[in-house]
Amino acid sequence: MSSAVLTYPSDISSVLDAAKPVTVPSPWLDDLRAKGRESFLEQGLPTMKQEEWKYLSLRDIASRSWSASEPGPAVFDFDLPYVCPGSIRVQIVNGQFDRNASQVPAVKGLYVGSLASALSDHKAIVEEHLGSLASIDSHPFAALNTALFHDGVFIYLSRAAMIEPIIEIVHVACGSDQVSAPRVLVVAEEGASAKIVERYITDGETTSLTIPVTEAVIAQNACVEHIRVQDESTEACHIGLWESKQEGSSEYKAYNVAFGGKVARLDQNMSFTGEHSVARLDGVTAAGGTQIIDNHTRLDHAVPNCNSFEIYKQVVDGKATVVFNGKIFVHLDAQKTDAVQTNQTLLLSPDATINSKPQLEIFADDVKCTHGATVGQLEKDQLFYLMQRGINREEAEGLLVYAFAAEVLELISIDEVRDDLEARLYLKLN
Amino acid sequence: MLEIKDLRASVEEDGKEILKGISLTVKPGEVHAIMGPNGSGKSTLANVIAGRDDYEVTGGSISLNGEDILEMDPDERAHEGVFMAFQYPVEIPGVSNTYFLRAAVNARLKAKGKDEIDAMSFMKMIRDKIKLLDLPQELLSRSVNEGFSGGEKKRNEIFQMAVLEPEVCVLDETDSGLDIDALKTVSDGVNALRSPDRMFVVVTHYQRLLEHIVPDFVHILMDGKIVKSGGKELALELEKHGYGWLEEELAASN
């Protein structure tokens, strides 16, 4: 009798033994990390036989030998992508907060700093929320992150704080074949608001594996815009988890921009625990060459009267593969839910692949839920229209692809970030 | 001068022949109206001049100022001065009208080896011209044709024509779906562009447009051929008697 092989043999767990101790002793954290370790060892690296990992092969990651990340350099020979004037700048290298390279002026109502330090400085809040959202038992890399992380960034918005400067976090991964486990915790107290840009990049063409976990706790009446940009090298692997929870009357706008990675995946889970809340979870993916970019989203409408909007746009060129799996669960009690999901893909090459799987499960009976998935090529009529006005084919095609993705980028309210991403997209496509 | 000689064209997809030998000469300053019943090939003629690749040219020639344009891509024809006002202007979400127009203007300048227009002069120029077409300024910042009413789309075509100042203006059923006010605005826009060195080919189903854009010549197209040519009075005759009259007349002469 044979059974399907559900996990890959791998010695990646050897990095567990090299897990760094946290600078601030914390029995609470030791306990959390132990849970992560246990969970990871139990799950292993899933093969494509497991439904949730059906379209993303971890064979390459499983077969390589990895080491735990070393502290990286503080200075790089390129400019880090901080784009907003007067912003709060956080530099995290291989998961470790670099205090000297960061620029964190004092702002009333805001704490931005090392997660390790916050474990002692903001013990109660951190212990209440850190690890409270990340579904480590259904995401082996989040479990591994939980076992490994020894620092990261903690962002705390106190009650009714309206934070004006943009908070820009840049995570740099460096060092070949190293696993880094950045950790981000955002806690927005009642009525607070802020805009956060979280970027993942690599130091050149490094062959790193980054396994970040971001948790965002959004309290009542809070309003947070959070843009996550994964722009690592196409030699690097990136597998992350981003999870959020919203209390009543809150608004959380979460944008996922994924351009980089040889093998990249993000699981984005959002849930409502209070009524009259609004969530956006939109994404732009551009993949070329032999890149594989997999986005899984999950939205839990657990309570009534919440609205969610989701637009995912994907541009796939070369021999690249893109995956979209968008789950929306409308629980039995979640009456008057309004959920809209759109997933559109532009295939630019005959060898490009898209696997799109919208998945709506609705248990309430008085709801408005729509979803649509389309896959197409460039519209001939649009191309002819542009060319008839004198624009050459190459430029017209570029304009149409860019316009396709821009529909999501336009949602971003920070001009500098939007312009920067549009420029990066343009570069990526040409 | 635009010279079309014995032009034959088929639908690329199924090979069905639509244009069965059309000859037409348009001199600078002239307005030629092409009229004909549905399916006669009017729109095909307009699209073949503009270079749409849904059609395959199987014979004949089109030249502009002595240069063969059939081998040119649509953008190259545009650089030579060919402009088509679309029967169904295409919506392009995500591309603003302003960005699109500036790209078009600069593409032409570049093709002529000239410097690109600076943003200030460009904005001034389009603000002046949009008034001609009585279009709201805010349309400039909106995506190309997206969410425009039928009338706004048609006026936007003529507005683009005014901005690009082409040599050959091909109007493909620009009057269809317009109310009388929009028809007047569009016609005024076209008339303002009439000049001794500009050529017009106006494709229309109805005579009513020609009351406002008065043609020098009228050609009747039936089953892929020009069956009758004349002055502007031919359009009136056609309006009075209908296409049936012409079919009978043709049958009688055969």
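Since we're looking at a predicted model, the values are computed, not measured.

1. Observations concerning the interface of chain A and chain B
Taken together, the contact between chain A and chain B spans 17 residues of the former and 33 residues of the latter. Together, the buried faces of chain A and chain B total about 2100 Å²; carbon and sulfur atoms form 64% of this surface. Counting the surface chain A buries against chain B, the share from its top three residues, F384, Y385 and R389 of chain A, is 37%. Counting across the chain A and chain B interface gives four salt bridges. In this structure, E157 of chain B and R389 of chain A form a salt bridge, with 2.6 Å as the shortest nitrogen-oxygen distance. Scanning the region where chain A abuts chain B turns up 14 residue pairs in polar contact (both at pLDDT 80 or more). Within the residue set of the side of chain A that touches chain B, elements represented by two or more residues are α7 (380-388) and α8 (393-409) of chain A. With eight residues, α7 of chain A is the largest single contributor of residues to the side of chain A that touches chain B. Tallied by class, residues from the side of chain A that touches chain B come to eight nonpolar, four polar and five charged.

2. Focus on the domain arrangement of chain A
Residues and elements named next belong to chain A. Domain boundaries in chain A define domain 1 (7-274) and domain 2 (381-430). With centres defined by C-alpha atoms, the gap from domain 1 to domain 2 works out at 30 Å. Between domain 1 and domain 2, the residue contacts involve 15 residues of the former and 12 residues of the latter. Between domain 1 and domain 2, a total of about 1200 Å² is buried, with carbon and sulfur atoms accounting for 70% of that surface. Of all residues in domain 1, the largest losses of buried area upon contact with domain 2 belong to V83, Y255 and F259, amounting jointly to 41% of the total for that side. Inspection of the domain 1/domain 2 interface yields two salt bridges. Notably, a salt bridge pairs D231 with R424, separated by 3.4 Å at the nearest N-O pair. Where domain 1 packs against domain 2, one counts six residue pairs in polar contact (both at pLDDT 80 or more).

3. Digging into helix α3 (residues 97-111) of chain B
Residue and element names in this part refer to chain B. The first and last C-alpha atoms of α3 sit 21 Å apart over 15 residues, in line with the 21 Å expected at 1.5 Å per residue. Here α3 has its buried residues at N97, T98, F100, L101, A103, A104, V105, N106, A107 and R108. One or two steps after α3, the chain reaches G113, where phi turns positive at roughly 75°.

Cut-offs applied
- Residues numbered from 1 in each chain as written.
- Chains lettered and ligands numbered in written order.
- Predicted model: local features only at pLDDT ≥ 70, side-chain atom pairs only at ≥ 80, totals over all residues.
- Heavy atoms only, no water.
- Contact = heavy atoms within 4.5 Å.
- Buried area = accessible area lost by both parts, 1.4 Å probe.
- Salt bridge = Lys/Arg side-chain N within 4 Å of Asp/Glu carboxyl O.
- Polar contact = N/O pair within 3.5 Å; in protein donor to acceptor, adjacent residues only side chain to side chain.
- Helix = DSSP H or I, 4+ residues; strand = E, 2+ residues; numbered from the N terminus.
- Nonpolar A, V, L, I, M, F, W, Y, C, P; charged D, E, K, R; others polar.
- Domains from an automatic or database assignment.
- Expected span 1.5 Å × (residues − 1).
- Buried < 20%, exposed > 50% of the residue type's maximum accessible area, 1.4 Å probe, protein only.

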